[in-house]
Amino acid sequence: MTVKKIIFFLLIACAFHPLFADDMASRGKTFLQGTITDKTSGTPLIGVNVYFPDLKIGGITDANGKYHINNLPKTTAMIAVSYVGYQTIAKKIDLNTTQTANFTMGQSADEMNEVVVTGVSKATEIKRDPVPLIAVNKVYINEHSTSGNVIDEIANLPGVSAVTTGPNISKPYIHGLGYNSVITLEDGIRQEGQQWGDEHGIEVDQNSIDRIEIIKGPASLIYGSDALGGVINLITAPPVPDGKILGSVTGVYGTNNGLINGSFKLQGNHNGLVWGTVLSDKEAKNYQNRHDGRVYATGFKEKDARAMIGINKSWGYSYLNASLFDDLQDIPDGSRDSLTRQFTYQITDADTYRPIVPASVLNSYAIPTLHQHVQFYRIYDNSNFNVGTGNLIVNLGYQYDHRREYTHPQAPTVPGLNLELTTYTYDIKYDVTMANGYETTFGVNGMYQNNTLGTCTDFPIPAYHQFDIGGFFVAKKSFGKLDISLGARYDSRSINGQAAYIDTTVEYFPTLYKGANPTGTPNIVQQFSPLHKTFSGATGSFGATYNFSHAFLLKGNIARGFRAPSISELSANGADPGSQIYHVGNNSFKPEFSLQTDFGIDLTLPYVSLNVDLFDNNIQNYIYQEQIVDANGNPERVNPNGSLNPNGQYSRFTYVQNKARIDGGDFSLDIFPVSWLHFQNSLSLTYGTNLGNGGNEPDSLKYLPFILPLHTHSELRATSVKGWNNFRNLYAFVGFDHFNPQNRYFSAYGTETYTAGYNLISAGIGGNIVNKAGIPVVKIFLEGTNLANVNYQSNMSRLKYFDNPVVPKGVQPGIFNMGRDVSLKVIIPFDLSPHKSHI
């Protein structure tokens, strides 16, 4: 039986586990109830979320501030009590002896007690974990409604950024590392969608995400290869309380590119049988700025659907999820008329002449002939079973990613790129608290992948299959004020790439050759040689947090990371139409290993809070791309088949490997003279240095590509939880972002160029309209970005390099970022619960 069949049957077994769950031994069930009140006034709080993250079960307070949660196992678990505008309460509850827990909550916009589940064996307070972590909730996501995708929603957080290709394609970067060095998860299941590609975004519906947790540093210990730079966990909404059927309708409109984003959500829970669905549809036309006008081929149309069904009982839980992501995405190339600098578009495969794009097309929602079509299907199961004195956690997933890029204007139905990637992921671990209070996790996880080439004319990577496996253990122990965590892991990755030959008989339309005697047949050339590689490595982590008091702590962590080279880095040899790059790989690469040290300070005083995270990351065998130049030192341009052409459509890039060092820090300072007014400030600084392979590197090679310059963010925020009359949870903010010039860039071979500094102003206002019972009937969020309509180019925008091969003197080449944008988001919640109560 093949590996993928074994994983498939395990997935089915877990999905149908609830049918025979009664045969499992139960620890017995119990309940928890209580009342939650305002710390100052003593009045009951309505709509407070009371949730056990490890158990995936919770409740909401009613009009009297009371909550009641059934079907709880008799165990000890972390409870998180959260409410908009109030400080989150995090506390461990022994459900063997406790059935009543009352809480008083104080108003605060500071989330110092935030609870996370990513990268830890059990739910943990952020401040007590030695690994740098950051998390944002649904309130933050709603308030940043101008973001065109889920990664943009977090790209302004300290230490986090994104490489973008327009408003709907963003690839996450953490402390100077991205692409295959950062793992994106959805509900703990790793996302696999050809992330080697520059224009390959994250195939997730932003409307379905309720919370985002980010590990800023090596997370190879838990997640294996590719987590060298960190992890982003996109978490969907938790189940609603027992007896409830809750939903919402959401609409978003953005003024800059006419963004229209609509979503419908419905969830239910009947005695532990939980279900839910999210349906979304969004589209946008070309974005605009004062320098370029409307930027041709930056529109998109995206449709999403997801469904979940599961069961949550005292023996544990099992949730089966399925989702579909379907995106039609324009492909920009930045070509312009040489005299007027207006955008032009390709009309023939010979590409000898390009007309100017009509104004009616620039202002249209229609998808052009040249575009991407990405379809991403996912089925996964998250299960947690009470076994012995611990918990057996089983996360299994199936993903199918079909990526087509249509690049032939005279043959619009023939894809240039056509990749089909099937991935099976597995993550099985056992959590148990051992003698003397050691919280320990033992586990094994990995994936099997199979990539095939469909009918196409561009071949950047070969067909291949890959298998990853890694075993690990993690332990955590508290010694009074000292929290210690440590762990170790061993990984192995095997990659087998298939040889491929191309038939070049028909100009502009090469095809895969599948006949006999390829070396002796005319017009047949070899595109890929066979590849057989195995990479392995050991990693580990040790960290500690010392809590001097509830207000002050120090933390430190040292971790060794591991990343095996990707298929593109090893075998690429072809054009990727959407990126305008002809990739060239190197099959002699070794795996990357990093040694990162982190040090953190957390201070919370009555009127001020301070957080400092410093890091130093030394990487062996660091892999990055550099542009290939010709004999005269000019960037090499080629046709889709790789033949040299000074006016060719593609730039040739190759992968190289060197030693590197990335260091810097994130600083946050929040001043709140009164509870309702906050002056929030953050600063992120990252330096990336190319250490070469010994000896001093010339200035052009000294720095690493895609390193964000110094970035500061300041925000004055006012909130009013109680509001007045029928207006509650009101907020307003004004933000200011400063980006230094990036003069530490990888200039060798024209790979990167200098980027000027810039300043951006943003603002937002919103709140809830409630009924007489205090229940929200409408939620409104208004946000504006780049309000001064500044012309700027981010060094993290790939469009900065999209232009004609030759640009007139005195003209700044490339495409500028989006101008002023104002978005309005409206959410209408509804309650279809049977025997509906007054909440």
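It should be noted that the structure appears before, not after, this text.
Residue positions are given per chain, counted from 1 along the sequence in the order it is written. In keeping with the predicted nature of the model, local features appear solely for residues at pLDDT of at least 70, side-chain atom pairs appear and are counted solely at 80 or more, and the whole-chain, interface and lining totals rest on all residues. Neither water nor hydrogens contribute to the side-chain values; these are computed over all heavy atoms in the structure.

### Here's the deal with the sheet that holds strand β4 (residues 66–73)
Step number 1: If DSSP finds at least two bridges between two strands, the strands pair. A run of DSSP states H or I qualifies as a helix once it reaches four residues; a run of E qualifies as a strand once it reaches two. Both are numbered from the N-terminal end. With mixed pairing, 3 strands are arranged side by side in an open sheet as β4-β1-β7. Edge positions in the open sheet fall to β4 and β7 (103–105), since each of these has one partner strand only. Neighbour-to-neighbour, the strand axes of the sheet open up by a mean angle of 30 degrees, direction not taken into account.
Step number 2: Bridge count between strand β1 (residues 29–38) and β4: 6 bridges; the pairing is antiparallel. In the sheet register, threonine 30 faces β4, and the bridge partner there is leucine 72. Here an axis means a line fitted to C-alpha atoms, over the contact stretch when the element is a helix, while the angle between two N-to-C directions is reported on a 0 to 180 degree scale.

### Comments concerning the sheet that holds strand β31 (residues 500–503)
Step number 1: Strands sit in the order β32-β31-β33 across an open sheet of 3 strands; the sheet is antiparallel. The sheet is open, and its two edges are formed by β32 (511–513) and β33 (524–528), each paired on a single side. Across this sheet, the average inter-strand angle for adjacent strands is 50 degrees, counted without regard to direction.
Step number 2: The pairing of β31 with β32 spans 3 bridges and is classified as antiparallel. Along β32, the bridge assignment pairs tyrosine 501 with tyrosine 513.

### Examining the packing of aromatic side chains
Step number 1: Stacked, edge-to-face and tilted labels apply to pairs of Phe, Tyr and Trp rings (six-membered ring for Trp) whose centres lie within 6.5 Å, assigned for plane angles under 30 degrees, over 60, and everything in between, in that order. For the structure shown, the criterion picks out 23 aromatic pairs.
Step number 2: With a centroid separation of 6.2 Å and 35 degrees between ring planes, the pair formed by tryptophan 315 and phenylalanine 385 is classed as tilted. Taken together, the positions of tryptophan 315 in the loop between β23 (300–313) and β24 (316–330) and phenylalanine 385 in strand β25 (residues 371–387) put the pair 70 residues apart, joining distant regions of the chain. This pair shows no difference in class: tryptophan 315 is buried, exactly as phenylalanine 385 is.
Step number 3: One aromatic cluster is present, formed by Tyr173, Tyr179 and Phe706 through successive ring pairs.
Step number 4: Ring-over charges, as used throughout, are those where CZ of Arg or NZ of Lys falls within 6 Å of the ring centre and within 35 degrees of the ring normal. Its guanidinium or amino end placed over the ring of phenylalanine 479, lysine 477 lies 5.4 Å from that ring's centre, counting from NZ or CZ. Under the scheme applied here, a residue whose accessible area is under 20% of the maximum for its type counts as buried, over 50% as exposed, and between as partly exposed, the area being computed with a 1.4 Å probe on protein chains only.

### Topic: the nonpolar core
Step number 1: Residues Leu419, Phe459, Ile461, Tyr464, Ile495, Ile567 and Leu570 are the most contacted members of the largest nonpolar core, which totals 25 residues.
Step number 2: Breaking this core down by element, the ones donating at least two residues are β27 (415–433), β31, β34 (531–547) and α5 (567–571).
Step number 3: Of the residues forming this core, the biggest block, 3 residues, is contributed by β27.
Step number 4: Whether two residues are in contact is decided by their heavy atoms, any of which lying within 4.5 Å being enough. Those residues in contact with leucine 570 that lie beyond four places of it in its chain are Ile495, Leu531, Phe535, Pro565, Gly585, Asn586, Asn587 and Phe589. By nonpolar core we mean a set of buried residues, namely Ala, Val, Leu, Ile, Met, Phe, Trp, Tyr and Cys, connected to one another through side-chain atoms within 4.5 Å.

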